[in-house]
4 protein chains.
Amino acid sequence: MDYFFPNIPVISYEGPNSRNPFAFRFYNPDEVILGKTMKEHLRFSMAYWHTLCATGTDPFGRGTAIRPYEESASNDPMELAKIKMRAGFELMQKLQIPYFCFHDCDVAPEGNSLAEFSRNLDEMADLAEELMTQTGIKLLWGTANLFSHPRYVHGAATSCSADVFAYAAAQVKKALELTVRLKGENYVFWGGREGYETLLNTDFSLELDNLARFLSLAADYADKIGFKGQLLIEPKPKEPTKHQYDFDVAGVLGFLQKYGLEGRFKLNIEANHATLAGHTFQHELAMARINNALGSIDANQGDLLLGWDTDQFPTNIYETTLCMLEVLKQGGIAPGGLNFDAKVRRGSFTPEDLFLGHIAGMDGFARGLRIAAALITDKVFDEFIEKRYQSFQIGIGASIVNGEATLESLAVHAHTLDEIKLESGRQEYLETLLNLYI
Amino acid sequence: MDYFFPNIPVISYEGPNSRNPFAFRFYNPDEVILGKTMKEHLRFSMAYWHTLCATGTDPFGRGTAIRPYEESASNDPMELAKIKMRAGFELMQKLQIPYFCFHDCDVAPEGNSLAEFSRNLDEMADLAEELMTQTGIKLLWGTANLFSHPRYVHGAATSCSADVFAYAAAQVKKALELTVRLKGENYVFWGGREGYETLLNTDFSLELDNLARFLSLAADYADKIGFKGQLLIEPKPKEPTKHQYDFDVAGVLGFLQKYGLEGRFKLNIEANHATLAGHTFQHELAMARINNALGSIDANQGDLLLGWDTDQFPTNIYETTLCMLEVLKQGGIAPGGLNFDAKVRRGSFTPEDLFLGHIAGMDGFARGLRIAAALITDKVFDEFIEKRYQSFQIGIGASIVNGEATLESLAVHAHTLDEIKLESGRQEYLETLLNLYI
Amino acid sequence: MDYFFPNIPVISYEGPNSRNPFAFRFYNPDEVILGKTMKEHLRFSMAYWHTLCATGTDPFGRGTAIRPYEESASNDPMELAKIKMRAGFELMQKLQIPYFCFHDCDVAPEGNSLAEFSRNLDEMADLAEELMTQTGIKLLWGTANLFSHPRYVHGAATSCSADVFAYAAAQVKKALELTVRLKGENYVFWGGREGYETLLNTDFSLELDNLARFLSLAADYADKIGFKGQLLIEPKPKEPTKHQYDFDVAGVLGFLQKYGLEGRFKLNIEANHATLAGHTFQHELAMARINNALGSIDANQGDLLLGWDTDQFPTNIYETTLCMLEVLKQGGIAPGGLNFDAKVRRGSFTPEDLFLGHIAGMDGFARGLRIAAALITDKVFDEFIEKRYQSFQIGIGASIVNGEATLESLAVHAHTLDEIKLESGRQEYLETLLNLYI
Amino acid sequence: MDYFFPNIPVISYEGPNSRNPFAFRFYNPDEVILGKTMKEHLRFSMAYWHTLCATGTDPFGRGTAIRPYEESASNDPMELAKIKMRAGFELMQKLQIPYFCFHDCDVAPEGNSLAEFSRNLDEMADLAEELMTQTGIKLLWGTANLFSHPRYVHGAATSCSADVFAYAAAQVKKALELTVRLKGENYVFWGGREGYETLLNTDFSLELDNLARFLSLAADYADKIGFKGQLLIEPKPKEPTKHQYDFDVAGVLGFLQKYGLEGRFKLNIEANHATLAGHTFQHELAMARINNALGSIDANQGDLLLGWDTDQFPTNIYETTLCMLEVLKQGGIAPGGLNFDAKVRRGSFTPEDLFLGHIAGMDGFARGLRIAAALITDKVFDEFIEKRYQSFQIGIGASIVNGEATLESLAVHAHTLDEIKLESGRQEYLETLLNLYI
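The notes below deal with the structure included here. (Residues numbered from 1 in each chain as written. Chains lettered and ligands numbered in written order. Predicted model: local features only at pLDDT ≥ 70, side-chain atom pairs only at ≥ 80, totals over all residues. Heavy atoms only, no water.)

This part is about the overall build of chain A. In terms of helices and strands, chain A carries 17 helices and 12 strands. Projected onto the principal axes, the alpha-carbon positions of chain A cover approximately 85 × 60 × 45 Å. Of the accessible surface of chain A, which amounts to about 14200 Å², a share of 49% is contributed by carbon and sulfur atoms. One way to put it: in chain A the 40 positive side-chain charges average out to a point 2 Å from where the 58 negative ones average out. (Helix = DSSP H or I, 4+ residues; strand = E, 2+ residues; numbered from the N terminus. Areas by Shrake-Rupley, 256 points an atom, 1.4 Å probe, with all protein chains shown as cover. Lys, Arg positive; Asp, Glu negative; His and termini not counted. Charge placed at Lys NZ, Arg CZ, Asp CG, Glu CD.)

Let's shift gears to the side chain of N145 of chain D. You can see N145 of chain D is positioned in the loop between β5 (138-143) and α7 (162-181). Here N145 of chain D is in contact with H103, D104, C105, Y152 and Q171 of chain D, once residues within four sequence places are set aside. (Contact = heavy atoms within 4.5 Å.)

Another aspect to go through is the side chain of N339 of chain B. The topology assignment puts N339 of chain B in strand β12 (residues 338-340). At 3.5 Å, the side chain of N339 of chain B forms a polar contact with the backbone nitrogen of A47 of chain B. (Polar contact = N/O pair within 3.5 Å; in protein donor to acceptor, adjacent residues only side chain to side chain.)

Residue and element names in this part refer to chain D. Across its 20 residues, α7 extends 29 Å between first and last C-alpha, which sits within 8% of the 28 Å expected from 1.5 Å per residue. Where burial is concerned, most of α7 is hidden: 16 out of the 20 residues are buried. A distance of 3.2 Å separates the backbone nitrogen of D163 from a side-chain oxygen at the start of α7, and that oxygen is part of S161. Looking at the residues trailing α7, positive phi occurs at K183, about 60 degrees. (Expected span 1.5 Å × (residues − 1). Buried < 20%, exposed > 50% of the residue type's maximum accessible area, 1.4 Å probe, protein only.)

Structural alignment of chain C on chain D gives an RMSD of 0.0 Å, achieved by rotating through 180 degrees and translating 0.0 Å along the axis. Interpreted geometrically, this transformation is the action of a two-fold axis. Identified as the residue of chain C closest to the rotation axis by C-alpha distance is G254 of chain C, at 1.6 Å. (Least-squares fit on C-alpha atoms with pLDDT ≥ 70 in both.)

Residues and elements named next belong to chain C. Strand order in the closed barrel made by the 8 strands is β5-β6-β7-β8-β10-β12-β13-β14, with parallel pairing throughout. Neighbour to neighbour, the strand axes of the sheet diverge by 30 degrees on average, direction disregarded. The strands that helix α7 (residues 162-181) touches are β6 (99-103), β7 (138-143), β8 (186-189) and β10 (230-233); relative to β8, the one it contacts most, it runs at about 155 degrees. Helix α13 (residues 351-377) rests against β5 (44-47) and β14 (338-340) of the sheet, and its axis sits at about 155 degrees to β14. (Pairing = 2+ DSSP bridges. Axes fitted to C-alpha atoms, helices over the stretch in contact; angles between N-to-C directions.)

We now examine the environment of N210 of chain A. Residues and elements named next belong to chain A. Note on placement: N210 falls in helix α8 (residues 204-224). Judged by relative accessible area, N210 falls into the buried class, the value being 1%. C-alpha of N210 to C-alpha of V380: the two residues are 170 residues apart in sequence and 46 Å apart in space.

To describe a pair of aromatic rings, you give the distance between the ring centres and the angle between the ring planes. Under the definition given, this model contains 94 aromatic pairs over all chains. Seen from their ring centres, Y187 of chain B and F189 of chain B are 5.0 Å apart, and the 65 degrees between their planes marks the pair as edge-to-face. Across the pair, F189 of chain B and Y187 of chain B agree in class, each one buried. Ring-pair connections join several aromatic residues into one group, and the members of that group are Y3, F4, F5, Y69 and F355 of chain A. Here R151 of chain A stacks its cationic end above the ring of Y167 of chain A, 3.7 Å away from the centre of that ring. (Phe/Tyr/Trp six-rings, centres within 6.5 Å; stacked < 30°, edge-to-face > 60°. Lys NZ or Arg CZ within 6 Å of the ring centre and 35° of its normal.)

Counted according to the given criterion, the structure contains 79 salt bridges over all chains. Note that D122 of chain A and K174 of chain A form a salt bridge whose closest N and O atoms lie 2.7 Å from each other. A residue pair is termed long-range when its members are at least 10 positions apart, and D122 of chain A in helix α6 (residues 114-135) and K174 of chain A in helix α7 (residues 162-181) qualify at 52 residues. Given the relative accessible area of 16%, K174 of chain A is considered buried. The salt bridge partner of E123 of chain C is K82 of chain C, with a shortest N-O separation of 2.6 Å. Taken as a pair, E123 of chain C in helix α6 (residues 114-135) and K82 of chain C in helix α4 (residues 77-95) lie far apart in primary sequence, 41 residues in all. Of the residues examined, E123 of chain C reaches a relative accessible area of 35% and is grouped as partly exposed. On the accessibility criterion, K82 of chain C (27% relative accessible area) is partly exposed. (Salt bridge = Lys/Arg side-chain N within 4 Å of Asp/Glu carboxyl O.)

Here you go:
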């Protein structure tokens, strides 16, 4: 394939000293690190919507993106959809991206009815299968867009209208079927409008119950049609809603437990959503990991001085390193992956920028992986932490951990203590160590 | 009692037209609203720490508070503690505040050992009992301060030191005993240092487990000594820690479920903590209420343009109204109450300001109660909401709610729909209605 | 006119007890307060873009607005433009709104060239003049949209392209001419893209110089064509840009002084922009006022827990009161006005909501005016403040103010002081007083 | 000197591969980069208050710092002050820090009167001179603390009390004299309480005028006593005040111009203050630089997810690189320097942490300097920027810059343009380039 981006070569690894903009300096797909290839560790995925559908609009301006290959399309929406898909596969091939993710309406026009939308999706799935076979590229996850159409103005599963709930269910049913057909390894629920604008008009309790009902029905159906992948919820605290019910990892975990859904869903963590919720990316990853719920990652970055989801390509090495540290700690992200839920800036409007953006992100994460692997190999932080908590291995500490202690036994012990000797937390020194590996 | 604040009269209700600064314009304790007296609805409480112990320090300056009655104390810390307590009871009496809340170290000097602290607490409890009997003032809740002493620098229940865990346990044991002795109606856990400064040195998983162990041990002991009140966790997202484990209501509920503690703890919601977590006060109250976990309230307000806990006296009528709306919806806040976890500004340093601050907050909430009661009586929002969600009462909506629907049955229904008719959410109009009642 | 909104009556004042949604409860246009009618005080204006052009899109969804009158338009953009304008005048008449504001591209289609745009604008100005004559409605301010078209992706006056600078100049030239033709009382510059996305690609210094050059050229031309109104800059800190050069009032005042433009421009203050910059609305108004630069007001409100410009109709009585307090202190806002730079929520999608939104805002500000007038009449805060600073009227204080003091004379005085006696700032009490008037 | 920190060696450069915690890996004082030694470029300074006076208190807890050398002091405050100063010089020597900064009350006890404070300061200045001579360490800047004492509760220069204004003037007079005596190269004004808590009790206009009067008097006196260094204002937006008048660089520049002070003051930019104001550190530095007002730097870092001044040691390489880029662009920071206005975390309480914290910061900035120098040498961003704005070198662009253009001439040009060709801003690629150098 060399049709839609004729001036762009296949991007390959040239090492850190290369000054070729269209090369990787850190991502070497087949290089083995800690027993796995970089490709296996990172499981990069292209986000269909940002890369193929987004035009560079923002709330104050029209699209800026220059996509010459789209001009060849007549006004037929299906023809345009196919051109986009073919362009997407060329881009993934040239970037050596092994996975993609999509919403139903990213790949096919919605048409005038559910039935027409369904037919369009099937036709596009035919092409997708053909291109997937040709290229070996796979589907990381599918999903349904339950937030862009005006019918979802008051939510989808949490709409005040039962018809809207039903319509959303129909979309998810089809999207699950498509995901199964295309052998998708995960299915994601991002509840963009599942929240409220004002509590003054909201039945908070019913909406939460309905959200749980919806997820439960979807999980039942996924089981029924033999979906073996992960079902994932993607937390975000707000935007477009004033409050989104899937606010953050801790909140979603509580929600799942309340409704008995905790075994059926894991989480898809996005960096920018984490920071909008007031958490670091690492915090959300770690919180999911220690609760056995880290399913997949939306790899992007936000701007902490801006209050909206900027979805930038991830280039901050601190963030990619700490992310990969969490991934390595849980033994890998599979069957999830690192999906670039990232868009080129509105001012980066050329086709070349689509490649430069992905290279920025892929090299950013490849470097993070290399650093994280070294930190783990050298036990840089692990040893410090192990030593720090050693008092829980023996004596009174062990009695706490093994459940033998009572408030009374602990109080007796406390009365025997003179002064308690504490060690410094050494934060500054640990930050120096992190810098040493960057 | 008229000794410590000789120039301040008993504050009484004079109605909205009074211009007497030392009078209530909205709080009329024995006036009946929706079948209960205002006093019963509001259950006001004085926060011992802010009102009696705080001196007006901030991170950039020394104390400013002028408290002439403290000058009569010699250098004996117990004598000073007793003066403060007597002053506090005079203040509560004059303000008609029926409850108070305290941390162990607010009421008694810590001395040089746990044993000495314990003796000091017992001696102060003698005086408290005497004053409580004399005045009829009761204990809303007790707690232990597990964050101010240097030993808690790395946390208490989540310290890396087992000795610190034990020490904290001893403090909680004593504080529970004191609470029982003083017939406290609740006991609160605010985990001020239960969190982390950096994940680089933190065993996140062990710390969360230990927090659960600690709470479980405390609940066991409370049962054992016959405590019949509510055990409450108070969420806060950060400050002093970079991340506090009890981040917000949703997160705490998830934590409690994970560790099987959900039946044993309810929540104490603070306005300023809500907004620091990115939520409205009403959101946190409502989230607790619909999960049957709204136990008590720390009544203050923050400044949303400032990033720290300002703990201001609550004077914003919108906030007090929406709070009381949630309280009325759950049929009252008892056995919890409205504790003024609020401090006079550093520039409000006279004894008079202690009264003017409480009057500001009490009238603020009294007015909120009056407005909320009218909103409920007139079903201003309830009718709108009921009508808005009526599609879940019948047909496909009912099948969703009663569990008969499947993704397939919903999809069949969706395929029969032409265009879905939606109603406006009418947010602007509902805000106008709210204003009509203010 | 009763054509586009057939079911909506002329909105009239019915007093605070009215429960008619389509009536004013506080805005009584001809009622005299402090010597002027409410209409003269408030000088309300409709924002053409939000009310007539916005469709309810957001970054995650398509338009939801139902505007039946637009369906009668063929596909001819000029016909649609005229329908919108006629609908706008009907709406203003029915709402008794005496002013409107517009961007060039709000009122006329841009066509395929500057020349065509210019012709379209002239044709629309003919209609505007006709409708203005018919209704007596006037133009508060005009402006040019220099941010929506892709050519402005890198800024307008601060673009890296001189051609773009020139194009923007051409647009402003025409917009100024239109404003003069329509007897607009002000002209506004909101530099939506005058800022940067990243300093890595930005010539910061040249861009600021060019912004000043642009404003200077525009002011020269305004003078030349006999514009007698106010030229206004509207600060905003960010969004869509990462940093907007007109960040806040203080920054803009500094910019104007640096480039010798301070006599030629005043400021248009928007509530939501103030809070995005970390300031209260009152702060920005007061800062402009005391610098003799408060020119006009964009009357809306934001959500302080959200990080983007929500442009809500202003219903918070505290905010409207404190705004009107500043307006009254400077003797009125004329020739500026209160422009509702506010949009109905995406869920408020019916034509009725356009009216309910404006009623919410107009009553919100009318109530604010009534309260502010009472606060001024009763000298509630003025007396307190005057007394608070009285030490600067005499003695050492007078010597400071009149310029006689030196560091040495002050030091001599300081050495004579024993303890300095300070008065409480009484913040809580002053908040109680404010509440008494609300 | 090897008395107060007996176990700590002189810290020396061992290169990036060293794993010795008590060594520099990047800071090699005498290594020449771009024609100057690293020492000359970086001009590191110790902040007396954080390093010698801070005890690790925070609003929720007591001090944690372990400083064994202080235990040798009797209860005599002067003796303690001298021990601290000697310890500080040992620390600076061992860390090879060539400068220090102090507030008056950091170095000497305030005593019971201005006269006593003055005598204490003189006595401490004797010791400082002795130690400075001995070690070659110099004073980067002095200042007066006008925010910690209760008399400054309502501000210093902006207090409502003229006596307080005078008292502050006396303190500044003495601090200026001390700075001159100790050959300080700068004098800093941080107006910690120069702001307001609520506008309800504030004469905003008088306070700003008084602030200008104060600064003007101080500058006059500095001239009079022959101070040849820089006078610097340090912006901060808030904390402890709700609003600080010196909000950010742009605001301060405007203030200085308004009062005719712009030639007399430059700025001291702090990283954490920048981000609290909603700006990047680089933004504030660049804004100061292009206005010829970048005087000195407070080198620390904040946590963008926390809303208060955390004053952490600067370890983020992106931030230190972009800072040094601005410093190199203006040809160096002298006579200013990089003052570590940074404190060890409360959990980093050992004397060793004082060293590890400074090493973290010094190596952080040394690495930033190395990277920035390479970026400049290789013209990584400069070439891109120069090319990007080349249209202002010729033709219509040149006419804009040289002042020949008018709105009319530009409009004529614009009408001749077909489509304007724009280049991509290439943000992602530029971020990749930045990463290549890190």
